[in-house]
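Architecture at a glance
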Amino acid sequence: MHKKNRSGVWDYMDKNPNTPDQIQLLEANKLATQVEEVDDINVSNEPSTSTNSTAVTHYEHSTVQIEGPPPKRQKQLTLMNRFSLPPDSKVDQFNKAVVEMIAEDMQPLSIVENSGFRKLVNLLDSRYKLPSQKLIGTTLIPNLYDSTRKMIETILSHTKYVSLTSDIWTSLNTISFITVTVHFFDNNLNLKTYVLTTRKLESNHTAQYLSGVLTDIIREWKINTKVVAIVTDSGANIKAAIKLLGIDHIPCAAHKLNNAVKNALKSEFEENDIDTNHTEEVDMMKLVKMCRSIVGHFKHSEVSTRILHEKQKQLNSPVLKLKQDIAIRWNSTLTMMERLLLVKEPLMLVSMSLPRCPNMPSNEQWQTINDFVLLLKPFESLTIQLSSEQRPTLSKVIPLLRGLLLSVNNKVPVTLTGNFLKKKLLEQTTKRFDDIEEMYPSQFYAKATLLDPRFKKAAFTSNDNANDAEQEVQKEIADCIETNAPERTVLEPSVTQTTLTPEQLEHSSHSKEQENLLTYLETTVTTLRSQTTYTSTAMTLFKQQMLGALCDVALKYSCIPATSVPSERVFSKAGQIVSARRNRLLPDNVDKLIFLNANLEK
């Protein structure tokens, strides 16, 4: 039988027989002997200073209290135990932030595989492991899309009227998409805009096919009975498609305005006939061509551009680059000419020292360029104001167009070419918007203007048109009262005040550079207010009984945008999403990324 292993400490200590839970040193003499033996092997060979008295002293103070078993040795914490992985809730927050960054900044999904981005995330929190590109595309983006969509569906379920805008665009890899946006007032009477979908078109863009696509989109979002009107460009196919839906179509005011200006700037002469004809129309075409040639030279010559910038610095003027226009956008022609006027002095000085510089405008041609800017500036101001998404815009079309025509008519060009352009601009604008106040073919502009507390009848050029609009609005209010009579008896004061306050419909402040096209209304509105009598005040108070129905009708027309610009704005962002870096995105992912980019809370 083997003897149990025994620790060497018991050669010097023993249990106290009286108190078993205590230990004591062995006899002093025995301990002293053991100490001397240890001293004898001192490596320094110095004589030992240990004595019996020293051992006895140790013995007298050697009683040790033991309370239970000795404590276990604490293990050293490992790096993984000390810096544990973040909790699942935190990982979900990180993942959501990554997906939102991809959507908002229009980054490719492959960014999570890029070494630089991974290093950055690791530096911020080394515990977090980025999700794979596959996980983002198949799970995280769809999850965020679903939650955002449910939020918008909930908001839409509580609104009564909505309007839509739509347009078609083609991606970098020649795939056609249709985009649809929705506009409505929420419960707090805030005008809301959301992108509903960006859907791939699988067939020819016929009216029947587009009508079917729009029908599916409207049904999916459960707004079949809520759509008041759809705003698009004047393409024959999309107009016919909306007609098949049985929904009112409103042509985009910005498109109509763009066509008016483009036709005014357009010459009927071929470029080869320029040198053989000498009319204001040809002079206008020659001047635009000259401006393009000048800008093109500096765009393609690094030396000329550098010399121009140096001359601007010498003259203590802002260092500005020239801007080239695009044939399909008239406002780019305005921008090009504005910039040429700003750099006129350094440009003329530099041109004299450049050997291959194109011909510069003469003094008369510079005056014509100034006339162009003078005449086109009001059109730019009108386009900007009608393209807003933050405030109602349909009600401003009639008063702003009237102000535009008055403004252009009051301009005084100093050149024959400038006067010719003025004439053509007035003709083209009047031609396209001549029936804007009438109830037919579109009643929406007149009703929206009449219901706007800033304008009412004062913005109309024809009293007959204003009266016709008033009668139609009264009929609609009466129908609304009859329909809602069992449900609505008294309108809450808070709703009345919010609806009728002009500030709710007022456009946001504009830049000082924009021309005020509503100046002409100030005198008319002041005169109408001064004619208010006690009788008219009493009549107004009586009519307030209909405010509940009036609120419904006003919101119905106020939610309609004047342009399809909201859909077009999606195109520029979509062009960055479907870019050369990620031209293999599936159409479904394109839809989800554009949706999130537009609808995530900024």
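Parameters and conventions
Residues numbered from 1 in each chain as written. Predicted model: local features only at pLDDT ≥ 70, side-chain atom pairs only at ≥ 80, totals over all residues. Heavy atoms only, no water. pLDDT = per-residue confidence, 0-100. Helix = DSSP H or I, 4+ residues; strand = E, 2+ residues; numbered from the N terminus. Contact = heavy atoms within 4.5 Å. Buried < 20%, exposed > 50% of the residue type's maximum accessible area, 1.4 Å probe, protein only. Pairing = 2+ DSSP bridges. Right-handed = clockwise from strand over helix to strand, strands pointing away. Polar contact = N/O pair within 3.5 Å; in protein donor to acceptor, adjacent residues only side chain to side chain. Axes fitted to C-alpha atoms, helices over the stretch in contact; angles between N-to-C directions. Phe/Tyr/Trp six-rings, centres within 6.5 Å; stacked < 30°, edge-to-face > 60°. Lys NZ or Arg CZ within 6 Å of the ring centre and 35° of its normal. Parallel < 35°, antiparallel > 145°, perpendicular 65-115°, else oblique. Left-handed = near helix turned anticlockwise from the far one by under 90°. Nonpolar A, V, L, I, M, F, W, Y, C, P; charged D, E, K, R; others polar. Salt bridge = Lys/Arg side-chain N within 4 Å of Asp/Glu carboxyl O. Expected span 1.5 Å × (residues − 1).

Here the focus is the confidence of the model for the chain. Within the chain, residue pLDDT values average 81, and 73% of them lie at 70 or more. No element of the chain has a lower mean pLDDT than helix α19 (residues 493–500), at 36, and none a higher one than helix α7 (residues 207–220), at 97. Here residues 487–512 is modelled with pLDDT under 50, and outside its nearest four sequence neighbours on either side it reaches 37 contacts, counting other chains as well.

This next bit is on the pairing of strand β7 (residues 227–232). Buried residues dominate β7, accounting for 6 of its 6 residues. Bridging between strand β4 (residues 162–170) and β7 involves 3 bridges; their strand directions are parallel. Across the sheet, T165 pairs through a bridge with V231, a residue of β7. Pairing of β7 with strand β8 (residues 248–251), which is carried by 4 bridges, proceeds in the parallel orientation. By the bridge assignment, I230 is partnered in β8 with H249. Read from β7 through helix α8 (residues 236–245) to β8, the crossover connection turns out right-handed.

Okay, the side chain of T181 next. You can see T181 is positioned in strand β5 (residues 176–185). By relative accessible area, T181 is classed as buried at 1%. Here the side chain of T181 touches T165 through a polar contact of 2.4 Å, side chain to side chain. A distance of 2.9 Å separates the side chain of T181 from the side chain of H183, its partner in a polar contact. Dropping the residues within four chain positions of it, T181 is found in contact with S163, L164, T165, Y194, V195, L196, P566 and S567.

In space, the 5 strands of this open sheet follow the order β6-β5-β4-β7-β8, with mixed pairing throughout. Single-partner strands in this sheet number two, and they are β6 (191–200) and β8. Strand-to-strand twist across the sheet, computed as the mean angle between neighbouring axes with direction ignored, equals 25°. Lying on the sheet, helix α6 (residues 133–157) is in contact with β4, β5 and β6; it crosses β6 at an angle near 125°. The sheet contacts of helix α25 (residues 587–599) involve β4, β5 and β6, and relative to β6 the element is tilted by about 170°.

Right, let's get into the packing of aromatic side chains. The geometry of two aromatic rings is summed up by the distance between their centres and the angle between their planes. Scanning the model with the defined rule gives 7 aromatic pairs in all. Site record: aromatic cluster; members linked through ring pairs are Y145, W221 and F595. Directly above the aromatic system of W221 lies the positively charged group of R149, at a separation of 4.2 Å from the ring centroid. Lying across the ring of Y145, K592 places its NZ or CZ 4.9 Å from the centre.

We now examine the packing of helix α12 (residues 330–342) against helix α14 (residues 363–386). When two helices pack together, their arrangement is captured by the angle between the axes and the distance separating the axes. The N-to-C vectors of α12 and α14 enclose an angle of 135°; their axes lie 9 Å apart at closest approach. The pairing of α12 with α14 is recorded here as oblique in orientation. Between α12 and α14 lies a crossing whose hand is left-handed. Between α12 and α14, the residues in contact are W330, L334, M337, E338, L340 and L341 and W366, I369, N370, F372, V373, L376, K377, F379, E380 and T383, respectively. In terms of residue class, the contact of α12 with α14 is made up of 11 nonpolar, 2 polar and 3 charged.

Working definition: two side chains of opposite charge can pair if their charged atoms are close together. The tally for this structure, following the rule as stated, stands at 17 salt bridges. Measuring nitrogen to oxygen at the nearest pair gives 3.1 Å for the salt bridge that ties R149 to E153. Here R149 pairs with E153, and both are found in helix α6, just 4 residues apart, close to one helical turn. The network of salt bridges with common partners includes E338, K377 and E380.

Before going further, it helps to spend a moment on the side chain of T197. Structurally, T197 can be placed in strand β6. Contacts of T197, omitting those with residues within four sequence positions, involve I178, T179, V180, I217 and D591.

One non-glycine residue with positive phi stands out, namely L189, at about 60°. As for its position among the elements, L189 is in the loop between β5 and β6. A positive phi angle is found at K456, which is not glycine, with a value near 50°. The residue K456 is located in the loop between α17 (444–451) and α18 (463–484) in this model. Residue K456 is classed as partly exposed on the basis of its relative accessible area, which comes to 48%.

Right, let's get into the environment of L596. Relative to the helices and strands, L596 is located in helix α25. Dropping the residues within four chain positions of it, L596 is found in contact with A103, I141, L144, Y145 and T148.

Spanning 14 residues, α7 covers 20 Å between terminal C-alpha atoms, matching the ideal 20 Å at 1.5 Å per step. If you check which residues of α7 are buried, you get A207, L210, S211, V213, L214, T215, I217 and I218. Those residues of α7 that are buried lie in contact with β4, β5, β6, β7 and α8. Taken from the residues just after α7, K222 is the one with a positive phi, measuring 60°.

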